[in-house]
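# Observations on the three-dimensional arrangement
Here is what each chain is made of, one letter per residue.
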Amino acid sequence: MTDSKTTYYNKKKATERDQFFKKFARNDGTTDVMLESARQILRPMDAARVLDLGTGNGFVLQKIIEAAGASALLTGIDNSEAMLERARSSFEWPASVRLQVMDNTKLDFPDNYFDLITAKAVTNISVSEVYRVLKPGGQFLYKEYGSGKGMVEILASLSPSKPHAGDTLKDEMERAGFSSITLTKYHLPVERDRQEVEALTETMRILPEGVSRDKVNNLIEDHFKDMQCKVIHSDPFLISAQK
């Protein structure tokens, strides 16, 4: 499978994404919490199998390689060949790492296969597929954002009546059969530059379907007014569960 018109991160968008992070790199600490949980799960394991959904440039896999050990098999999948090209060129990967083009919601793996599945800021996942390919006792770690997509004062108003994405996902996981589900929600103040917010909404896959560019520009204008920088709250959540 290669890039298609339906793949959001084609070569142009993937390049814009790289440029954004080089210019506006941020760390709110929640990804570090997820990564440390992954390391703790993997350290006592021998020959663990790990799957990273929507792996993008391979950041998550790169961060947990050392904890996984030389005998582990790590797999990163993404529906964008352009993003996987960046993953291949960004790091020197050991032979135990595989990077594959695949739909996050249709996993081409056997049942009960992985010890750990991770996903960071991945819009589309299938809880039933994650459950199917996890081994009994396997763990799932997921970081995403609520309706504010990391910019609560600007974007949360676009879907004010929807339940929190973390609550919805937790309900789905309970129905799928997961146990020991832990959901942690955050509301973090972040000082953002107006240019950063404009670039973020233009580059990342965060806007609800059907929302016009003019609508988003008006929301940004209303929030910043005559100011260049302003505090905007971020709304990440972390969820962990066991099969």
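Use the structure listed above.
Position labels on residues start from 1 in each chain and follow its written sequence. For this predicted model, a pLDDT threshold of at least 70 governs which residues receive local features, and a threshold of 80 or more governs which side-chain atom pairs are given and counted, while totals over whole chains, interfaces and linings are taken from all residues. For the side-chain quantities, the full set of heavy atoms in the structure was used; hydrogens and water were omitted.

Attention now goes to the side chain of Arg-86. Helical segments are the DSSP runs of H or I of at least four residues, strand segments are the runs of E of at least two, and each set is numbered from the N terminus. If you trace the backbone, Arg-86 turns up in helix H4 (residues 81-90). The class of Arg-86 is buried, set by a relative accessible area of 17%. Polar side-chain contacts of Arg-86 include one of 2.5 Å to the side chain of Thr-15. Residue contacts follow a heavy-atom distance rule, with two residues in contact if any of their heavy atoms lie within 4.5 Å. The residues contacting Arg-86, other than those within four sequence positions of it, are Lys-11, Ala-14, Thr-15 and Asp-18. Note on classification: 1.4 Å probe, protein chains only; a residue is buried when its accessible area is under 20% of the maximum for its type, exposed when over 50%, partly exposed between these limits. N or O atoms within 3.5 Å of each other form a polar contact, as long as, within protein, one can give a hydrogen and the other can take it, and as long as residues adjacent in sequence are counted only when both atoms are side-chain atoms.

Below, the discussion takes up the pattern of salt bridges. The rule for a salt bridge is simple: a side-chain nitrogen of Lys or Arg has to be within 4 Å of a carboxyl oxygen of Asp or Glu. Scanning all chains against the criterion turns up 13 salt bridges. Here Lys-12 ties to Glu-16 by a salt bridge, and the two come within 2.6 Å at their closest N and O atoms. You can see Lys-12 and its partner Glu-16 sitting in helix H1 (residues 11-23), 4 residues apart, about one turn around the helix. For Asp-167, the salt bridge identified is with Lys-185, shortest N-O distance 2.9 Å. On the criterion of sequence distance, the pair formed by Asp-167 in helix H7 (residues 165-176) and Lys-185 in strand E6 (residues 179-185) is long-range, its members being 18 residues apart. Classification of Asp-167 as partly exposed rests on a relative accessible area of 30%. Accessibility expressed as a relative area gives 43% for Lys-185, which makes it partly exposed. Through salt bridges that share partners, Lys-12, Lys-13 and Glu-16 make up one connected network.

Time to look at H7. Take the residue count of a helix, subtract one, and multiply by 1.5 Å to get its expected span. Spanning 12 residues, H7 covers 16 Å between terminal C-alpha atoms, matching the ideal 16 Å at 1.5 Å per step. Of all the residues in H7, the buried ones are Gly-166, Leu-169 and Met-173. Here the buried residues of H7 occupy an arc of 65° about the axis, which is enough to place them on one side. Those residues of H7 that are buried lie in contact with helix H5 (127-133), strand E5 (134-145), E6 and strand E9 (236-242). To obtain the arc, one takes the directions from the helix axis to the C-beta atoms.

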